[in-house]
Amino acid sequence: MKPCYLGIDIGSISTKGVILDENNEIIRSLYIWTEGNPIEAVRNLLDGLKDDLPDCYEIKGIGTTGSARKLIGLMVDANIVKNEITAHAIGTLSTYPDVHTILEIGGQDSKIILLENGIITDYSMNTLCAAGTGSFLSSQAKRLGIPIEEFGSMALESQNPVKIAARCTVFAESDLIHKAQLGYEKKDIVAGLCKSIVLNYLNNVGKGKKIKGPIVFQGGVSKNKGVVKYFEEVLGEKVIVDPNSHLMGAIGIAILAHNNAVGKTYQLNIRDISFETKGMECNRCSNHCELLKIYKDQKLVDSWGSKCGKF
Amino acid sequence: MSKKTISFPHMGNYSIPVEYLLHHIVDANILIAPKISSRTIELGTKYSPEFVCTPFKYTLGTFIEALDMKADILIQAGGGCRYGYYSELQNQILEDLGYQFTYINLISQGKTDICKIYREFKKIDSHFHIIKALYYLFVTSKMVKYMDHVDDYIRMNIGFEIKKDSFIHANQLMLEDFKKAKGFFHLRHMYLKHFRKIKKIPIEKPSNCFKIGVIGELYTLMEPFANYDLEMILAKYGIEVKRYTNAHYLLFEKKKEVKKYLKYAREYIQYRMGADAADNIGRTKYLCTHDYDGIIHIKSSFCTPEIGAMPIINKICNQYDVPVLFFSFDANTSKVGIETRLEAFYDMIEMRRKK
Amino acid sequence: MDKIRIGIPRSIHYYYYGDLWINFFKKLDCDVIVSPRTNREIMEKGIQYANDEMCLSMKNLLGHISYLQGKCDYIIIPRIDNYGVQNQTCTNFLAIYDIVNNMFSQDILSYNIDVAHHQTEEKGFLEMGRKLGFTKKEIQRAYRDAKTFVQNKKQELIRKNIEKLNSEKEKVLLIGHPYNMYDDYIGRPIISFLEKLNVEVIYSDLFYSSITGPISKQLSRELYWKFNKESIGAIPVVQNKVDGIIFLSTFPCGPDSLVNELVMRKIHLPYINLILDDIDGRAGFETRLESFVDIMQERKRKHV
């Protein structure tokens, strides 16, 4: 039996999984929508990965990252749970060892990571607001009646992107409607939206950061050719988008799972294990903490959100 | 005439000295408002103007909770930025909500009008005695000093305690005792006794542990609810935390210290920049040149003085190649987002050390 | 020797000191370069330099400075702490000089106004003139001449503004900082739109500050920002003569966020609160202004 390592990246919009062999080469990968239910998404993800994994492999390590990393870490009994910044950096370094700048725009987070000789030297993340991220882009695409897959190529057709104020989701939305009502062409609005995402990103997340090449762009939004084009235009540098750019977080955490393997063998049959969460407000003291209790096979395995540490 | 009920906003543990002071100088019920909770924030946000800084919302929420618990006198202090103007608007908002109360603003238009405050207290309690008040004011100021001193020690060591929560328990015992202080000498005796005990709490601290300086806007620094227990999260990672801002600093040292900071960081700044902005720039330079692994700058959203300081802090950190993390907290910031950023920050300083 | 070239950003301070500076430096035989009216490019540059959370007006100023960079010997940025104990300014006025000094490599000509500590405007100008190598006499003469000119001009503007109160049209009091109201990218489009709707716009800054300052106590006892005092002080002066009030501020202005909220709770005239954010983000403002004017007209008709 050959060892292999599973990395799961559970984002707000999509859930990604990869299985790496001992040389950190991808054996299997899968990308599905989270649809607001990370637990079910991971069950589906594991089913999908399990079905076409050759029999000669056994899983010797699991890592989780992304916004639901802790929850899913408990569910699959991961040997490592890490934040997505570190995971993305490690994943990208495995393909581009000399990378200097990682731009990442995901479902509700956007971040920039600066590296020097393979070490993170600086990073920053968006100010906890969804403006200019993937979820914002897809909701605007829906509003304009354009499939998100065509959004990028449509933006490329435009010569005169419309100016859109994208500092804040609410402002941007009203501005967008306004522009559409004024009769601007759709492709120009789409291009304007892509450009405003780039400008907003650089003014917010990228503020005061020294962006040097090689630059790698990843996260769901990196699949949007319009955004890539405007990044290159504004930065005046080539922006690399890896074919696996959406998987970098999962690859990174799989590598970390490999490096931190504890010798245990994992099964992917978690369909049969019941896993539930229960939210409640605790009234024992005036903190009124919102507790989240997690049950695995009807047994309480953890609870989060308590300030006093009683739980 | 029935006894009046006095209440005031929360900030960290400072409700203890404030209660102590009021208890000794006026004959009135003292209502400690419920600790800041999600309900406080909900109430505060609902009735606040849209882009006011967060402390306004938190203190307004606390006042509403206190008024609902039958408080009829509210006390607020002012400060060197927008904070100084909170009182008049909060007073108006609460009146418009139909509450009946007296609002005492200790610092009005940047100044403390002692005569006016004296008159206000005389109205509450006709036996109010100024000499007695001044004595207890002195004792309270010492209490604040002792609390802050112990706090500084705890902050540096809590990440390394062997038995979980031993520092917090010891600190709570001390604060409980402080409430019973009969006078200055009694207070000092208790302080010395407890601090000796706290220093004896066993710790396991490597000599080259990670050190982080936390700077920023005062309310967010001092109220753990407003900074989402940032210091406790850092402690979990085994990090020594240095924080300058505390009540003692603001009340007694700031005036003198600002001048020092301005001199110390004169290649960056020439003037005071409002509130604690200049102080924080001076501290940034100090932290950058004294082997700190990183700096975390926190503030509430829309805090104008700190926004002005941020580009300069960033510049200094870039020059000295010290990582800096900026947080802007609002009433609806997600704790998970903060933890992710802190975890990544820790990973980063760890990687840097290894290099 | 070539003349000294002084760059004046057409932003924040310009709307208080622009005329004074231009006259003063011209009297001293310096070249004066004023940045152009705010346009999209300047605004975008400003956003690039500024911190994300800075107010739109600060972003605007930084845009103007970046325009002037390299085009002059000095850019003038004063530092204003207060005009007396109860007449403070927003903390941005305290910090602007140091922020700009750290952001740009350009030489900056500055002076400090801190009346509470006896640093007056005249002293500031002396300091500035000395730095440029002029004698005390030359500076004082230039300052006094410029000051007289500016005061006369301002009186004329105030007279005209007060005269407008006799107009037959709908009259609206526009409350805002001059650097927002008169900026071509922030307030001007709103003013022109109001004029198109045939509304007479009365400006809150064009009254005698010796009247508006003290009278503002009627609305706010504890207010200590000079500029806000003077703009809200216009309300008691004109409240029986105007049909409505427009509050204009930029996002997220610190003083305005509190003061305007307090004032809005106390007045009995129709009002709207316009908060301007980011470039071109004013979708829907026109509709709001139109309906506001409708309300004013309706109200007037009922009263007649």
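Residues numbered from 1 in each chain as written. Chains lettered and ligands numbered in written order. Predicted model: local features only at pLDDT ≥ 70, side-chain atom pairs only at ≥ 80, totals over all residues.

A closer look at the overall build of chain C
Rules: Under the scheme used here, helices are H or I runs from DSSP no shorter than 4 residues and strands are E runs no shorter than 2 residues, and both carry numbers assigned from the N terminus. This radius of gyration counts C-alpha atoms alone. The globule rule is 2.2 Å times how many residues there are, raised to the power 0.38. Whether a residue is buried, exposed or partly exposed follows from its count of other C-beta atoms within 10 Å of its own C-beta, namely 20 or more, 12 or fewer, or something in between, respectively; the C-beta atoms are built from the backbone. Throughout, a residue-residue contact means that the two C-beta atoms, derived from backbone geometry, are no farther apart than 7 Å.
A count of helices and strands for chain C gives 13 helices and ten strands. Since a compact globule built from 304 residues should have a radius of gyration of about 19 Å, the 20 Å found for chain C is in line with a globular shape. Here the C-alpha coordinates of chain C stretch approximately 70 × 40 × 30 Å along the principal axes. A burial count over chain C gives 47% of its 304 residues as buried. Taking the contacts inside chain C whose residues are at least 6 apart along the sequence as the reference set, 72% of them involve residues at least 24 apart.

Let's talk about the overall build of chain A
Each helix and strand counted, chain A has nine helices and 13 strands in total. Taken over C-alpha atoms, the radius of gyration comes to 21 Å for chain A, in line with the 19 Å a tight globule of 311 residues would show. Principal-axis analysis of the C-alpha atoms gives chain A an extent of 60 × 50 × 35 Å. A burial count over chain A gives 47% of its 311 residues as buried. Restricting the contact set of chain A to residue pairs at least 6 apart, pairs at least 24 apart contribute 65%.

Some details on the interface of chain C and chain B
Basically, it comes down to this: Polarity classes work like this: nonpolar for Ala, Val, Leu, Ile, Met, Phe, Trp, Tyr, Cys and Pro, charged for Asp, Glu, Lys and Arg, and polar for all others, with Gly in that last group.
If you look at the interface, chain C gives 30 residues, while chain B gives 34 residues. Breaking the side of chain C that touches chain B down by element, the ones donating at least two residues are helix 4 (91-103) and helix 12 (254-266) of chain C. Looking at the side of chain C that touches chain B residue by residue, the classes come out as 14 nonpolar, nine polar and seven charged.

Describing the sheet that holds strand 1 (residues 5-8) of chain C
Residues and elements named next belong to chain C. Convention followed: We treat two strands as partners when DSSP finds at least two bridges between them. An axis is simply a line fitted to the C-alpha atoms; with a helix, the fit covers only the stretch in contact. Between two such axes, the angle follows the N-to-C directions and lies from 0 to 180 degrees.
Reading across the sheet, the four strands line up as 2-1-3-5 and stay open at both edges, with parallel pairing between neighbours. Sheet topology places strand 2 (31-34) and strand 5 (108-109) at the edges, where each strand pairs with a single neighbour. Pairing between strand 1 and strand 2: four bridges, direction parallel. Of the residues in strand 2, the one forming a bridge with Ile-6 is Val-32. Helix 1 (residues 14-27) contacts strand 1, strand 2 and strand 3 (74-76) of the sheet and is inclined by roughly 170° relative to strand 1.

Looking at the domain arrangement of chain C
One frequently used descriptor of interface size is the decrease in accessible area upon assembly of the parts. Residue and element names in this part refer to chain C. Note the cut-off: Each domain's limits were defined by an automated method or a database of domain assignments.
Per the domain assignment, the segments making up chain C are domain 1 (5-152) and domain 2 (167-303). Here the C-alpha centroids of domain 1 and domain 2 sit 26 Å apart. Listed by partner, the interface residues are 20 residues for domain 1 and 21 residues for domain 2. Contributing elements (two or more residues each) for the side of domain 1 that touches domain 2: helix 1, helix 2 (40-49) and helix 3 (56-68). Taken together, the residues of the side of domain 1 that touches domain 2 sort by class into eight nonpolar, nine polar and three charged.

As for unusual backbone geometry
That bond from Gly-213 of chain A to Pro-214 of chain A is cis: its omega, -10°, falls within 30 degrees of zero. Structurally, Pro-214 of chain A is set in the loop between helix 7 (186-204) and strand 9 (215-218). The omega torsion across Phe-251 of chain C and Pro-252 of chain C is -15°, close enough to zero to call that bond cis. Along the chain, the position of Pro-252 of chain C falls in the loop between strand 9 (244-250) and helix 12. Not every positive phi belongs to a glycine, and Lys-70 of chain B is a case in point at roughly 75°. Mapped onto the fold, Lys-70 of chain B is located in the loop between helix 3 (54-68) and strand 3 (73-76).

Details of the nonpolar core
The line we're drawing: The term nonpolar core refers to a set of buried Ala, Val, Leu, Ile, Met, Phe, Trp, Tyr and Cys residues connected through C-beta atoms within 7 Å.
Counting 265 residues, the largest nonpolar core has Ala-254 of chain A together with Leu-174 of chain C as the members making the most contacts within it. In contact with Leu-174 of chain C, not counting residues within four places along its chain, are Met-181, Val-201, Ile-202, Tyr-203, Ser-204, Ile-246 and Leu-248 of chain C.

Side note on the domain arrangement of chain A
All names here are of chain A. Taken as a whole, chain A is organised into domain 1 (2-90 + 250-259), domain 2 (97-241) and domain 3 (275-304). If you average the C-alpha positions of domain 1 and of domain 2, the two centres end up 26 Å apart. Taken together, the contact between domain 1 and domain 2 spans seven residues of the former and 14 residues of the latter. Top element by residues in the side of domain 1 that touches domain 2 is helix 3 (residues 84-95). It accounts for three residues. Residue composition of the side of domain 1 that touches domain 2, grouped by class: three nonpolar, four polar and no charged.

Description of the sheet that holds strand 7 (residues 170-175) of chain C
Sheet strands associate in pairs through backbone hydrogen bonding, adopting either a parallel or an antiparallel arrangement. Residue and element names in this part refer to chain C. Spatially, four strands are ordered 8-7-9-10 in an open sheet, and the strand pairing comes out parallel. With one partner strand each, in any of the chains shown, strand 8 (199-203) and strand 10 (271-276) form the two edges of the open sheet. With direction set aside, neighbouring strand axes in the sheet form an average angle of 25°. Relative to strand 9, strand 7 runs parallel, the two being bridged by four bridges. By the bridge assignment for strand 9, Ile-175 is matched with Phe-247.

Quick word on the environment of Leu-89 of chain B
Note that Leu-89 of chain B resides in helix 4 (residues 86-96). Expressed as a C-alpha distance, the spacing of Leu-89 of chain B and Pro-49 of chain B, which sit 40 residues apart in the sequence, is 9.8 Å. In this structure, Leu-89 of chain B is in contact with Leu-258, Glu-261 and Leu-262 of chain C, ignoring residues within four places of it in sequence.

Quick notes on the confidence of the model for chain C
Residue and element names in this part refer to chain C. Here is the rule: The predictor attaches a confidence to each residue, called pLDDT, with possible values from 0 through 100.
Put simply, chain C has an average pLDDT of 92, and 97% of its residues get 70 or more. When pLDDT is averaged over each helix and strand of chain C, the minimum, 84, is found for helix 13 (residues 285-303) and the maximum, 97, for strand 3. Overall fold confidence for the complex sits at a pTM of 0.90, while the interface term, ipTM, reaches 0.94.

Remarks on the packing of helix 13 (residues 304-320) of chain B against helix 4 of chain C
Here is the rule: Oblique is the label for any angle not covered by the other classes, which are roughly parallel (under 35 degrees), roughly antiparallel (over 145) and roughly perpendicular (65 to 115). In this scheme, a crossing is called left-handed if the near helix is turned counterclockwise away from the far one by less than a right angle; it is called right-handed if the turn is clockwise.
Contact pair helix 13 of chain B / helix 4 of chain C: the axes reach a minimum separation of 9 Å and the direction vectors enclose 15°. Viewed along their axes, helix 13 of chain B and helix 4 of chain C adopt a mutual orientation that is roughly parallel. Of the two elements, helix 13 of chain B crosses helix 4 of chain C, and the hand of that crossing is left-handed. Side by side, helix 13 of chain B and helix 4 of chain C meet where Thr-304, Pro-305, Gly-308, Pro-311, Ile-312 and Lys-315 of chain B of the first sit next to Thr-91, Asn-92, Ala-95, Asp-98, Ile-99, Asn-102 and Met-103 of chain C of the second.

With respect to the environment of Leu-268 of chain A
All names here are of chain A. Tracing the sequence through the fold places Leu-268 in the loop between helix 9 (248-259) and strand 11 (275-281). The partly exposed category is assigned to Leu-268, around which 19 C-beta atoms lie within 10 Å. Along the primary structure Leu-268 and Lys-50 are separated by 218 residues, whereas in three dimensions their C-alpha atoms are 6.5 Å apart. Once residues lying within four places of it in the same chain are set aside, the contact partners of Leu-268 are Leu-46, Leu-49, Lys-50 and Ile-59.

Focus on the packing of helix 6 (residues 130-157) of chain B against helix 8 (residues 184-199) of chain B
All names here are of chain B. One can describe the packing of helix 6 onto helix 8 by two numbers: an axis separation of 10 Å at closest approach and a directional angle of 5°. When the interaxial angle is binned, helix 6 and helix 8 end up roughly parallel. Together, Phe-138, Val-139, Lys-142, Met-143, Tyr-146, Val-150 and Tyr-153 of helix 6 and Phe-184, Leu-187, Tyr-191, Phe-195 and Ile-198 of helix 8 make up the contact between the two elements. Counted by class, the contact of helix 6 with helix 8 contains eleven nonpolar, no polar and one charged residues.

Some remarks on the pairing of strand 8 (residues 119-125) of chain A
Every regular strand shows the same layout, with side chains that alternate between the two sheet faces. All names here are of chain A. By the criterion of burial, strand 8 is predominantly enclosed, with five of the seven residues buried. Where strand 7 (residues 110-116) meets strand 8, six bridges bridge the pair, whose relative direction is antiparallel. Looking across to strand 8, one finds that Ile-113 is bridged to Tyr-123. Counting the residues between successive antiparallel strands, the hairpin from strand 7 to strand 8 contains two residues, one of them, Asn-117, with a positive phi of roughly 50°.

Side note on the pairing of strand 8 of chain C
Residue and element names in this part refer to chain C. With four of five residues buried, strand 8 lies mostly within the body of the structure. Judged from the five bridges that link them, strand 7 and strand 8 form a sheet pairing that is parallel. Paired with Leu-174 across the strands is Tyr-203, a residue of strand 8.

Structural notes on the environment of Ile-131 of chain B
You can see Ile-131 of chain B is positioned in helix 6. With 106 residues separating them along the chain, Ile-131 of chain B and Ile-25 of chain B place their C-alpha atoms 9.7 Å apart.

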